[in-house]
Amino acid sequence: MTDESPEPTAETVEAAHRPILRVVKGDLTAEELAALVAVVAARNAAAAHAAAGSKPKARSQWGHPARMARTPHRVGPGQWHRSAYGG
């Protein structure tokens, strides 16, 4: 069994080295260029996620905030004692 991978063509090598962004006008600092790249990458990632149509992971009910809410106290004889024991 041989592992033959296709040789890269000149077209694929050129596409791999082609810049994704190009600053046409202005003089950007390294920080400004990094911020620009981060924004564009985040936007592309969001678009790819939306295009994939993937649903977010279901949230565990164990830590759901609604579980922290207690039932209301009832008024009547002996209810204050029962409120501590859930009965």
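This text follows the structure it describes.
In this report, the structure presented in the accompanying data block is examined.

Basis of the calculations
Residues numbered from 1 in each chain as written. Predicted model: local features only at pLDDT ≥ 70, side-chain atom pairs only at ≥ 80, totals over all residues. Heavy atoms only, no water. Helix = DSSP H or I, 4+ residues; strand = E, 2+ residues; numbered from the N terminus. Patch = residues over 30% accessible without salt bridge, like charges linked within 9 Å, V, L, I, M, F, W, Y side chains within 5 Å. Areas by Shrake-Rupley, 256 points an atom, 1.4 Å probe, with all protein chains shown as cover. Salt bridge = Lys/Arg side-chain N within 4 Å of Asp/Glu carboxyl O. Expected span 1.5 Å × (residues − 1).

Thoughts on the overall build of the protein chain
Looking only at helices and strands, the protein chain features three helices and zero strands. The N-to-C order of helical and strand elements in the protein chain reads α-α-α.

Comments concerning a nonpolar patch on the surface
Together, Ile20, Leu21, Val23, Leu28, Leu33, Leu36 and Val37 make up an exposed nonpolar region whose accessible area comes to about 600 Å². Relative to the helices and strands, Leu33 is located in helix α2 (residues 30-52).

Points about α2
With 23 residues, α2 extends 33 Å from end C-alpha to end C-alpha; this agrees with the ideal 33 Å at 1.5 Å per step. A positive backbone phi angle near 70 degrees is found at Gly53, which sits one or two residues after α2.

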